[in-house]
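The chain contents come next:
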Amino acid sequence: QMVPGMFHVSMRQLNLLYNFFYGGFMQPVQTLLGWRRIRKDVTTRHQNCARLATLMHEQCTRLLYVTWLKDIVSNVIPAEQRSLALAESFRSFVRELGTCNDEVLQYVLSFVDVSGDFVSMADSIRCGDYLESERLMIDWISLWAVGGKTRYLKLSLRMIDVMYNTMSMPELEETRLNWFV
């Protein structure tokens, strides 16, 4: 059985992202942008599909930040506590948004979450960051199951089993160091 490389895993993540969000959310934006040659099947035009997903992720995240900044303008935070307080404030703001009853907002937040994982996976592959790739493979177990990607579900579960049950710490560290070599 072929074990796919991390680029292949990233492509399948993008495929799931398009399966979940293309028809009702991404395709209308694509049409407004006038971008052609992007279809729900990402294997034929992977870079164009990745570019649209990344652009939409960045813009949706930017809109979340703009909304959050409008809410915190009135808060006065001492300079020495500002960075940590702002980071915690944004995370709690997004968590609060996640509990609302607005289904459209829930859908957009889901898109930001899933597309953010795709962008992080692509960045970790480009930078050779094995730990981030490993974390994302573990985080995506439920999405592989929901999306019917049993091969990647089994790969993720097998990776966890081998790496955390059978490998010694030196072997695990060597595997991590040589993953992208």
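Preceding this paragraph is the structure being described.
Cut-offs and rules
Residues numbered from 1 in each chain as written. Predicted model: local features only at pLDDT ≥ 70, side-chain atom pairs only at ≥ 80, totals over all residues. Heavy atoms only, no water. Helix = DSSP H or I, 4+ residues; strand = E, 2+ residues; numbered from the N terminus. Contact = heavy atoms within 4.5 Å. Expected span 1.5 Å × (residues − 1). Buried < 20%, exposed > 50% of the residue type's maximum accessible area, 1.4 Å probe, protein only. Polar contact = N/O pair within 3.5 Å; in protein donor to acceptor, adjacent residues only side chain to side chain. Core = buried A, V, L, I, M, F, W, Y, C linked by side-chain atoms within 4.5 Å. Salt bridge = Lys/Arg side-chain N within 4 Å of Asp/Glu carboxyl O. Arc of directions from axis to C-beta. Axes fitted to C-alpha atoms, helices over the stretch in contact; angles between N-to-C directions. Parallel < 35°, antiparallel > 145°, perpendicular 65-115°, else oblique. Nonpolar A, V, L, I, M, F, W, Y, C, P; charged D, E, K, R; others polar. Phe/Tyr/Trp six-rings, centres within 6.5 Å; stacked < 30°, edge-to-face > 60°.

*Asks:* Where do I start with the environment of Thr 54 in this structure?
*Replies:* Relative to the elements of secondary structure, Thr 54 occurs in helix H2 (residues 46-72). The spatial distance from the C-alpha of Thr 54 to the C-alpha of Glu 174 is 32 Å, given a sequence separation of 120 residues.

*Asks:* Explain unusual backbone geometry here, please?
*Replies:* Excluding glycine, a negative phi dihedral is what most residues carry, and trans is how most peptide bonds are arranged. Backbone geometry places Arg 37, a non-glycine residue, at a positive phi of 65°. With respect to the element layout, Arg 37 can be found in the loop between helix H1 (6-33) and H2.

*Asks:* What am I meant to see in the side chain of Gln 13 here?
*Replies:* When you line up the elements, Gln 13 lands in helix H1. Among residues more than four places away in sequence, those in contact with Gln 13 are Asp 117, Phe 118, Met 121, Trp 140 and Trp 144.

*Asks:* Hey, could you run me through helix H4 (residues 103-127) in this one?
*Replies:* Because an α-helix packs 3.6 residues into every turn, residues spaced three or four apart end up facing the same way. Across its 25 residues, H4 extends 36 Å between first and last C-alpha, which sits within 8% of the 36 Å expected from 1.5 Å per residue. Residues of H4 that are buried: Val 108, Leu 109, Phe 111, Val 112, Val 114, Ser 115, Gly 116, Asp 117, Phe 118, Val 119, Met 121 and Ser 124. Taken together, the buried residues of H4 touch H1, H2, helix H3 (82-98), helix H5 (130-139) and helix H6 (141-146). The opening residue of H4, the one whose side-chain oxygen lies 3.1 Å from the backbone nitrogen of Val 104, is Asp 102. Following H4 by one or two positions, Gly 128 has its phi on the positive side, about 75°.

*Asks:* Explain the nonpolar core here, please?
*Replies:* A general trend in soluble globular proteins is that nonpolar side chains are found buried together. Among the nonpolar cores identified, the biggest contains 46 residues, and Leu 14, Tyr 18, Met 26 and Phe 111 are the most heavily contacted of them. Mapped by element, the contributors of at least two residues to this core are H1, H2, H3, H4, H5, H6 and helix H7 (150-166). By residue number, the principal contributor to this core is H1, which donates 11 residues. In contact with Tyr 18, other than residues within four places in its own chain, are Met 26, Ile 38, Arg 39, Lys 40, Val 42, Cys 49, Leu 52 and Ala 53.

*Asks:* Just to check I follow, could you spell out the pattern of salt bridges for this structure?
*Replies:* As enumerated under the stated definition, the model contains 3 salt bridges in all. Notably, a salt bridge pairs Glu 132 with Arg 135, separated by 2.8 Å at the nearest N-O pair. Of this pair, Glu 132 and Arg 135 both sit in helix H5, 3 residues apart, which is roughly one turn of the helix. Residue classification places Arg 135 among the partly exposed positions, given a relative accessible area of 36%. A salt bridge links Arg 135 to Asp 139, with the shortest nitrogen-to-oxygen separation between them at 2.4 Å. Within this pair, Arg 135 and its partner Asp 139 are both found in helix H5, separated by 4 residues, close to a single helical turn. Each of Glu 132, Arg 135 and Asp 139 takes part in salt bridges that share partners, so that together they form one network.

*Asks:* Can you walk me through H3 in this structure?
*Replies:* Over its 17 residues, H3 extends 24 Å from the first C-alpha to the last, a length consistent with the 24 Å expected when each residue adds 1.5 Å. Along H3, the residues classified as buried are Phe 90, Phe 93 and Leu 97. Axial view of H3: buried residues confined to an arc of 60°, hence all on one face. The exposed residues of H3 that point more than 90 degrees off its buried face are Leu 84, Arg 95 and Glu 96.

*Asks:* So what exactly am I meant to see when it comes to the packing of H7 against helix H8 (residues 169-178) here?
*Replies:* The axes of two packed helices give the description: the angle between them and the distance between them. Running from N to C, H7 and H8 cross one another at 135°; their axes reach a closest spacing of 8 Å. Considering the angle they form, H7 stands oblique to H8. Contact residues: H7 offers Met 163, Tyr 164 and Thr 166, while H8 offers Glu 171, Leu 172 and Arg 176. By residue class, the composition of the contact of H7 with H8 is 3 nonpolar, 1 polar and 2 charged.

*Asks:* Can you walk me through the packing of aromatic side chains in this structure?
*Replies:* The description of two aromatic rings rests on the distance between their centres and on the angle between their planes. This model, assessed by the stated rule, comprises 12 aromatic pairs. Centre to centre, the rings of Phe 21 and Phe 111 are 5.4 Å apart; their planes meet at 80°, and the pair counts as edge-to-face. Residue Phe 21 is located in helix H1, and its partner Phe 111 is located in helix H4; the two are separated by 90 residues in the primary sequence. On the basis of relative accessible area, Phe 21 is assigned to the buried category, the value being 4%.

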